[in-house]
Amino acid sequence: MAERGPATLLLPQLRAQLREACHANTLLRTEVEMLEKWYRKMEPSSPSGQLLAEPQDAAAELAQTHGRYKSKLHCAMDYFAALTVEQKCELAERELTETKDEIQRMKEDSEQTLQYLEAVIEEADIWWADVKKAISDFEKDIVSIISSKKGSIRASDKLLRYMEEKNCQRDLLREKLRFKNSLLKGYKKKLQQQIKQGLQKEQMGETILEFRLQQLQVRNAQYQQKIAEKNQELLQLKLTSEKTVHVLNFYKTKLQDSMATSASLMKDISQRKELLEKTEREAVLVEEQRAEAESVNWQLQKQLSDYSVPPVLSYVWKKMAVTDLEKSLKAWERKVAIAEMSLQSYRRAWKQVVMSEHVNRSVQKPVSYLPSQLGAGLLHLDHN
């Protein structure tokens, strides 16, 4: 589709095209300034002179980089471009490095200027402190005396002495500065001589430089050969180190297994020691019990040897006596049970009597006699 002319475009579209054209113009102006700068610096024999010898076929690449512009002005500007994008990028990188170097130099210069100004300010502060001190001394020594009502002769004499002292101090300071200046001049001459000697050495060094360069090349070849040998040795050492690491890992695992086995064996040994101690304690206890059993056995054997069996008839009589005693014991136990039962019945009867007596007393009827059966039972109980 054919592009429309400026007369057929709307105002916002024209403004957008104008902004794009201004932006492209600034970019091209910056590139032109960079090219002019490098063209001034560039020598015909330098390798960078080949930057302007490229054909104008790179205009299409530059047009692809900037994009397609609808304006004919942009097409005319792209027609005069003679550098590729890579060359422009190289120029931009060089310009960036130079700008960084210039910024670094400006920073160093500004730091030096700042240090100089700080030194000047410090010197001014010291000078102003001296001036203030001199003013205060003058006001204290001279002005106070002149303003007083005493004679002016004394004040004039003191003023003269003060001026003489200040002149002497100034002369001493001048002599000191002159001596320092002479020392600095001698140091300056010495530095100039050293600089001249350094220049002479540099001139002499240029003649020796080629010879040293050849020697360095020879040494470089030797060192390269040594480096190759060392690389081979390093490769061998790496291989041996890998083998060593493998063997070391194997022995580490073996050591871990041995340590685990040793720990289990130590635990087993400790358990066996505890069991042995327990067995020894039990053996000592059994030995003591055996000794006690032997002593008891000896005593029993002794008693058995001294034992005499009684006759059979006495045993029979004693057995009969024991059975009679058991029978009498059983009879007495029955009697005691019967007595307890009768005692309980008598106690119940006595309780009934006491309760009836209490009732009679409450109605004021005295009791003159006890039952005959109760009295007889109590007498029988007392007799038993």
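Going along each chain's sequence as written, the residues are numbered from 1 onward. Local features in this predicted model are restricted to residues whose pLDDT is 70 or higher, and side-chain atom pairs enter the listing and the counts only when it is 80 or higher, whereas totals over whole chains, interfaces and linings include all residues. Calculated side-chain values reflect all of the structure's heavy atoms, with hydrogen atoms and water omitted.

A closer look at the overall build of the chain
To qualify as a helix, a DSSP run of H or I must reach at least 4 residues; to qualify as a strand, a run of E must reach at least 2; elements of each kind are numbered from the N terminus. Scanning the chain from terminus to terminus reveals seven helices and zero strands. Ordered by position from N to C terminus, the α and β elements of the chain give α-α-α-α-α-α-α. By the convention used here, residues are in contact when the closest approach between their heavy atoms is within 4.5 Å. Within the chain, counting contacts between residues at least 6 apart in sequence, those at least 24 apart form 61% of the total. Surface summary for the chain: the accessible area is close to 34700 Å², and the carbon and sulfur share equals 60%. Exposure was quantified through the Shrake-Rupley algorithm and a 1.4 Å probe, taking into account, for residues, occlusion by the shown protein chains and nothing else.

Considering a negative patch on the surface
For patch building, the residue pool is restricted to those with more than 30% relative accessible area and no salt bridge; the joining distance is 9 Å between like charges and 5 Å between nonpolar side chains (Val, Leu, Ile, Met, Phe, Trp, Tyr). The working definition used for a salt bridge is a side-chain nitrogen of Lys or Arg within 4 Å of a carboxyl oxygen of Asp or Glu. Residues scored as positive are Lys and Arg, those scored as negative are Asp and Glu, and His as well as the terminal groups of each chain are ignored. A charged residue contributes its charge at one atom only: NZ of Lys, CZ of Arg, CG of Asp or CD of Glu. A cluster of acidic side chains, namely Glu118, Glu122, Glu123 and Asp125, defines a negative patch on the protein surface. Summarising the element assignment, Asp125 is placed in helix α4 (residues 85-147).

A short note on helix α1 (residues 11-41)
Relative to the 45 Å expected for 31 residues at 1.5 Å per residue, α1 spans 45 Å between its end C-alpha atoms, a close match to the ideal helical length. What α1 keeps buried is the set Ala21, Ala24, Leu28, Met34 and Trp38. Helix span, expected: 1.5 Å multiplied by one less than the number of residues in the helix. Only protein chains enter the accessibility calculation, which uses a 1.4 Å probe; a residue is then buried when its area is under 20% of its type maximum, exposed when over 50%, and partly exposed in between.

What about the confidence of the model for the chain?
Averaged over every residue, the pLDDT of the chain is 77; residues scoring 70 or more account for 75%. The score called pLDDT rates the predictor's confidence residue by residue, from a low of 0 to a high of 100. In the predicted structure, residues 365-371 sits below a pLDDT of 50 and forms four contacts with residues beyond four places in sequence or in another chain.

What about the pattern of salt bridges?
Per the stated rule, a full pass over the model turns up seven salt bridges. For the salt bridge of Arg178 with Glu175, the shortest nitrogen-to-oxygen distance reads 2.8 Å. Pair noted here: Arg178 and Glu175 are both in helix α5 (residues 152-306), with a separation of three residues, about one helical turn. Here Glu175 falls in the partly exposed class, since its relative accessible area comes to 48%. Each member of the salt-bridge network shares a partner with another, and the members are Glu287, Arg290 and Glu294.

Description of the packing of aromatic side chains
Pairing of aromatic side chains requires ring centres within 6.5 Å, counting the rings of Phe and Tyr and the six-membered ring of Trp. Pairs whose planes differ by under 30 degrees are stacked, by over 60 edge-to-face, and all others tilted. Taken as a whole and judged by the stated rule, the model has one aromatic pair. With a centroid separation of 5.5 Å and an interplanar angle of 70 degrees, the aromatic rings of Phe250 and Tyr251 are classed as edge-to-face. Residue Tyr251 is classed as partly exposed on the basis of its relative accessible area of 49%. Whether a charge sits over a ring depends on NZ of Lys or CZ of Arg being within 6 Å of the ring centre and within 35 degrees of the ring normal. Directly above the aromatic system of Trp332 lies the positively charged group of Lys335, at a separation of 4.6 Å from the ring centroid.

A look at a nonpolar patch on the surface
Taken together, the side chains of Val312, Leu313, Tyr315, Val316, Trp317 and Met320 present a nonpolar region at the surface, about 680 Å² in accessible area. With respect to the secondary-structure elements, Leu313 resides in helix α6 (residues 312-362).

With respect to the environment of Ala92
Locating Ala92 in the fold gives a position in helix α4. Residue classification places Ala92 among the partly exposed residues on the basis of a relative accessible area of 34%. Separated by 61 residues in sequence, Ala92 and Glu31 place their C-alpha atoms 8.5 Å apart.

A closer look at the side chain of Glu95
Relative to the assigned elements, Glu95 resides in helix α4. Residues contacting Glu95, with those up to four places away along its chain left out, are Met34, Lys37 and Trp38.

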